[in-house]
Structures are given as structure tokens and as C-alpha cells.
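In case you want the letters, here they are:
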Amino acid sequence: MMKLEFIVPITINNTAHPLPDDPRTSLLDFLRRDCGLTGTKKGCDHGQCGACTVIVNGQRINSCLSLAVMHDGDSVTTIEGLGTPDAPSPMQKAFLEHDGFQCGYCTPGQICSATAMLQEIANNMPSDASESLDGPIKPTPEEIRERMSGNLCRCGAYANIIAAISEVAEGDAA
Amino acid sequence: MRPFQYARPDSLDHATQLTAPEDTMAIAGGTNLIDLMKLQVETPQELIDINRLTMGEIADTDDGGLRIGALATNTATAAHDRVRSDYPLLARAILAGATQQLRNKATTGGNLCQRTRCYYFTNIDQPCNKRDPGSGCGAIKGIARLHAILGTSNHCIATYPGDMAVAMAALDAQVLITREGEKERTVPVRDFHRLPGDTPEKDNVLEAGEIITGVTLPAPVEGKQIYRKVRERSSYAFALVSVAAVVAMTDGRISRANLAFGGIAHKPWHDPRLSELLVGETPSAAVFDKAADLLLEDAQGYGENDFKIPLTRRALAATLADATGVEL
Ligand SMILES: Cc1cc2nc3c(=O)[nH]c(=O)nc-3n(C[C@H](O)[C@H](O)[C@H](O)COP(=O)(O)OP(=O)(O)OC[C@H]3O[C@@H](n4cnc5c(N)ncnc54)[C@H](O)[C@@H]3O)c2cc1C
Ligand code: SF4
Ligand code: FES
Ligand code: FES
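- Per an unreviewed UniProt entry, chain B goes by Xanthine dehydrogenase family protein subunit M and derives from Aurantiacibacter rhizosphaerae.

So this is what it looks like as C-alpha cells:
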């Protein structure tokens, strides 16, 4: 049996971290427990809620359904890496301005997801809500709803979440 | 999650060697396997991470078709220029499934091999012949809303839950499979998944040590391509019933009708008799009804899923109406 030596670390918010010894560790548990990055939340632990969404090499994924050991060499961005209370990212700022949350539990996942989502639209990637597969794709409320359907909000702050994302999307387009 | 050894082969040959023992499993995106390992439905002793093998390419084939690598993500496939222009049915089916977060990890091979969403299968405290052969089937006479109406057995009535493979069945794609020391074999997507019979533990024709390397789509054919998915909510839900269709018309008559159905059987359901019946006909509600009669001639409900029989009939009619321009 080949023994794996993880010489290449995982990079989280621009800081290198050694990988865990137990291959069972999900990327989510690794972030929260081993790296102390508790901004990323565990809702369902089964890919159903999106609270654990982080951005890996530019793409949003559910960190609960990925093993940390599979990510050597990868670059992960969590909510802590997007901005800070003093220097929030445009999406973080918009969620504050539009009250895009109530309890806030789903919010880190929503913001990571929305940040990557606008990039997907900019790259002209179609969604189930896109009328044509040929683009160009506009960030309409219908598109945003469909593309954000992997992030559930138990408090039902959806209207304000869409308002926040729309504002950033319009800023991007301008 | 049960403890397991983790290994990462450096070649396809090595991967087929490592996955040959009974208790080992390949892991690709992990979105289905890790979920089931947490539930202890899957308990591999060894996990073989195939992600660093070069099987992610999407490339033209010599005969004008397209080869989609086993590790191509669902996102990459749905966004691929030729998939969008020549096989929009496939792009639509993928985009109608799961969420962007999941599709970013989900792969061609993993999506084909994803397991049923039967609630008894995913709960280890319940009887289930698929998970624990001989323990009985909880769903027959139980909660069977998601379950099959065609091709069931008295051992299992589960459905194959995916969308991508339903489109691939309508497009008549081929699965490429390799094992140690043997040359690649090719299995039509239509024959890749099995019916449950008395061995429901086997979802598909893959043997231990076999790895899917990709799927090939034949050169595109003329016709309108439609994926119609009926589900409990308008996004992020598995299909109750889905219809994948490639339908062409010539001089007011149907000249091609390649159809496959999701959510109603243990496999993407393809009935070659439908194309025979429909081709040459002038499309009308009566003709669509005749096609549904044929498709559903042996359909059987299990109480909670009885609704799927009329739902399939209507989904088929709506798809054919859309494809042929008939007003229902
Ligand atoms: C909340 C949720 C909602 C979902 N909704 C939908 C939906 O609406 N429609 C839909 O179609 N799907 C849906 N899915 C399922 C999703 O599409 C699958 O989980 C995904 O496609 C599996 O791909 P993967 O690469 O992550 O597979 P993995 O989890 O890595 O593997 C799955 C299985 O495939 C085997 N395998 C993987 N690659 C190979 C290979 N190359 N050769 C041989 N065996 C291989 C593995 O051994 C394992 O048994 C949903 C999933 C979740 C969690
Ligand atoms: S339908 Fe199949 S998967 Fe579901 S409980 Fe019965 S045997 Fe198990
Ligand atoms: S915690 Fe990962 S999707 Fe819910
Ligand atoms: S703000 Fe409470 S779950 Fe979304």
C-alpha cells in the first residue's frame, strides 16, 4: 500500500496549512476545527443547505462533501478571506446594507456563493434559468434565484439577499 | 464515518489495480460517496482518489462526436461550447440537476454511478435489499413517493435518480470502461444501468476494478432537443419524472423521436418501440396518447407513487407537443 506524504500543503486565505492525518476529515471540519476558521458553517453536513460553501481555486463547493486530504496544492477562500470587518468585500458590504440576513447562520455560505456566482455570470456560464445557452447572461432576479438555490436560508431573508447580490451585480456591470 | 485507507494512484493502470479488491472504492467529486460514507451506507476499507488522473478532457471524436472525460465536471460539460450548441439536451439536463456548488465537483463517472435516493437505502436502521441483500425492501408497502413504476422487481423498486444519464440515453451515448490488462470496453448508456431483478445491490454493469474513462456522444443529429424535468420545487430537487427528447419533423410528420425517461425506473428508461410508433405519424394529442399507452402498458404504482403514471403520460405529451409545435 502506497503511503501518501503530503509535502504540498493546502493554502487557505493565502496562508499555507499542513493537511490533517485522518483522511476522514472533511474540508469543513478541517477549516473550523484544525484551522480555527469558524466563519464557514455546518448546517446539514450532506450537501443540502450550502452553509459550508467556500471557494476552491475560484469555484464554489460544499466543503462538507469534500475530504481535506484531497486538497493539497489547492487554494481555498473562506468568508474570512473575502474581507474583514474593517475592510469588507463589496458583497459583504451589500449584505450589511440590505439586511441580507436575520440570524446570520447561512450568511458566510451565501456570501461566498454569491461572490463566485457573479464570476460565473461574467464568464457567461448558463444556468437552468437561462433562456438561451448562447448568452449573453444578465444577472436578473430569476438568474440569481436559480444560481443561489444551493444556499438555503432558514430565516427566509431571500428578498434582501437578492437585493444585496443585485446591487453588487449592477456595480460590476457598470 | 468508518476509518479507511486513502490512496492516490499515479496512473490509470495503477488505479484499476487498486480498485480491484471488493472493499475498495474509487472517489471522484465525492458528492455522493462522502455523503453515503457519513451515513455508513458505504463503508470502503480503502478509498482510491482518481482525481489526479488525466481524464477530464472534453474533445472532438474523429466521427464528429464528442468524448467527455470521466473526470470532466458537470459544470465544465454543461458550459462546453459544443455541448451547448450540438447537445443542448445534455447541457439542460445537467443544469436542471443539483446546484452549482455540487456540479462544480460532480463528475461524468460519478454522476453515472450515483446511487438511489430511496429513503430506506440511505437509513441503515431500515431493511433494504440493495444495501443489505436479503434484508427485505422497506419501500414496497412503505414510503415510495420517489420510486419506480417500470421494470421493478419484488426485491427492489428504487429509481436511478440522475438527470445527466437520461439525456445521454436519449442521445445514445457510449460509456467507456477500462480494467487492468484489458482493452477499453464500450457499453451504451442505455445498457449501463441494470434492472433490479433479484440482485438490486448491483446498480450497473461495472465490475470490481473497472473504471469509467469517459462517455462518447455520437455526431449530432437533426432535431429539437428538450429536457423536461418535473419536480417538487423548481430548483435543487431530484426528478419525479423527466423526459429527454430528440425529435425531428419532415414534411409535417415525425421523422425522429429518440426518448428517454428519468425518475420512473432503476435506469434511464428507453423504450425503442416509442420511436417505431411515432416516426411517420402526424403529431397530435391522440398520437401522443398512443405513445404513452405503449410506454406505460406495464406500469405499476406502489401507492404513494401512483401519481407517476398519469404524470409520465402528461410529461411525455407536453414534451412532444413542445417539440412538434402542436397545441394540446
Ligand atoms: C443535495 C443533492 C442534490 C442533488 N441533486 C441532483 C439532481 O437533481 N440531479 C442529479 O442528477 N444529481 C443530483 N445530485 C447528485 C450528484 O449529481 C452526484 O452526487 C454527482 O454527480 C456524483 O459525482 P461525483 O463525481 O461527486 O461522484 P463520487 O461521489 O465521487 O462517486 C460516486 C460513485 O461513483 C463511483 N465513481 C466515480 N467515478 C468513477 C469512475 N471514473 N469509474 C468508476 N466509478 C466511479 C464512485 O466509486 C462512487 O461509487 C445531488 C446531490 C446532492 C448531494
Ligand atoms: S426500493 Fe430498493 S433501495 Fe429502496 S428499500 Fe427497497 S431494496 Fe432498498
Ligand atoms: S453543511 Fe454543507 S451543504 Fe449543508
Ligand atoms: S439568516 Fe438565518 S438562516 Fe439565513
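1. Comments concerning the nonpolar core
Residue and element names in this part refer to chain B.
Then, in step 1: By size, the foremost hydrophobic cluster in this structure holds 50 residues, and its most contacted members are Ile50, Leu89, Leu90, Leu112, Phe192 and Leu217.
Then, in step 2: Contact partners of Leu89, with chain neighbours within four places excluded, come to Ala167, Ala170, Leu171, Gln225, Ile226, Tyr227, Ala244, Ala245 and Val246.
Then, in step 3: Leu295, Ala315, Leu320 and Ala323 belong to the second largest nonpolar core, which has 31 residues in total.

2. Notes on the site of ligand 2
Then, in step 1: Cys118(B), Cys128(B), Cys137(B), Cys156(B) and Ile157(B) are the nearest of the 15 residues found near ligand 2.
Then, in step 2: A class-by-class count of the residues in the shell around ligand 2 yields 10 nonpolar, four polar and one charged.

3. Considerations on the pairing of strand E2 (residues 24-27) of chain B
Residue and element names in this part refer to chain B.
Then, in step 1: Two strands pair when backbone bridges link them, and E2 and strand E3 (residues 46-49) are joined in this way by four bridges, in the parallel orientation. Residue Met25 lies in a different strand from E3, and its bridge partner there is Leu47.
Then, in step 2: Handedness of the crossover joining E2 and E3 through helix H2 (residues 33-38): right-handed.

4. So, the packing of helix H11 (residues 285-295) of chain B against helix H12 (residues 308-324) of chain B
Residues and elements named next belong to chain B.
Then, in step 1: Two elements in contact, H11 and H12, have axes separated by 9 Å at closest approach and are oriented at 140°. If you check the angle between H11 and H12, you find them oblique. When you trace H11 past H12, the crossing you get is right-handed. Touching Phe288, Asp289, Ala291, Ala292, Asp293 and Leu295 of H11 are Thr312, Arg313, Leu316, Ala317, Leu320, Ala321 and Thr324, all from H12.

5. Description of the interface of chain B and chain A
Then, in step 1: Taken together, the contacts link 43 residues of chain B with 41 residues of chain A.
Then, in step 2: Here chain B packs against chain A, burying approximately 3,600 Å² in sum over the two surfaces, 55% of which is carbon and sulfur.
Then, in step 3: Counting the surface chain B buries against chain A, the share from its top three residues, Arg84(B), Arg92(B) and Gln101(B), is 20%.
Then, in step 4: At the boundary of chain B with chain A, the tally comes to four salt bridges.

6. Considerations on the sheet that holds strand E5 (residues 66-69) of chain B
All names here are of chain B.
Then, in step 1: Strand order in the open sheet formed by five strands is E4-E5-E8-E6-E7, and the pairing between neighbours is antiparallel. In this open sheet, the two edge strands, each paired with only one partner strand, are strand E4 (58-60) and strand E7 (185-188). In this sheet, neighbouring strand axes are inclined to one another by 25° on average, regardless of whether the strands run parallel or antiparallel.
Then, in step 2: Sheet analysis places E5 next to strand E8 (residues 211-217), joined by four bridges and oriented antiparallel. In the sheet register, Leu66 faces E8, and the bridge partner there is Leu217.

About the cut-offs
- Residues numbered from 1 in each chain as written.
- Chains lettered and ligands numbered in written order.
- Predicted model: local features only at pLDDT ≥ 70, side-chain atom pairs only at ≥ 80, totals over all residues.
- Heavy atoms only, no water.
- Core = buried A, V, L, I, M, F, W, Y, C linked by side-chain atoms within 4.5 Å.
- Buried < 20%, exposed > 50% of the residue type's maximum accessible area, 1.4 Å probe, protein only.
- Contact = heavy atoms within 4.5 Å.
- Near = heavy atom within 4 Å.
- Nonpolar A, V, L, I, M, F, W, Y, C, P; charged D, E, K, R; others polar.
- Pairing = 2+ DSSP bridges.
- Helix = DSSP H or I, 4+ residues; strand = E, 2+ residues; numbered from the N terminus.
- Right-handed = clockwise from strand over helix to strand, strands pointing away.
- Axes fitted to C-alpha atoms, helices over the stretch in contact; angles between N-to-C directions.
- Parallel < 35°, antiparallel > 145°, perpendicular 65-115°, else oblique.
- Left-handed = near helix turned anticlockwise from the far one by under 90°.
- Buried area = accessible area lost by both parts, 1.4 Å probe.
- Salt bridge = Lys/Arg side-chain N within 4 Å of Asp/Glu carboxyl O.

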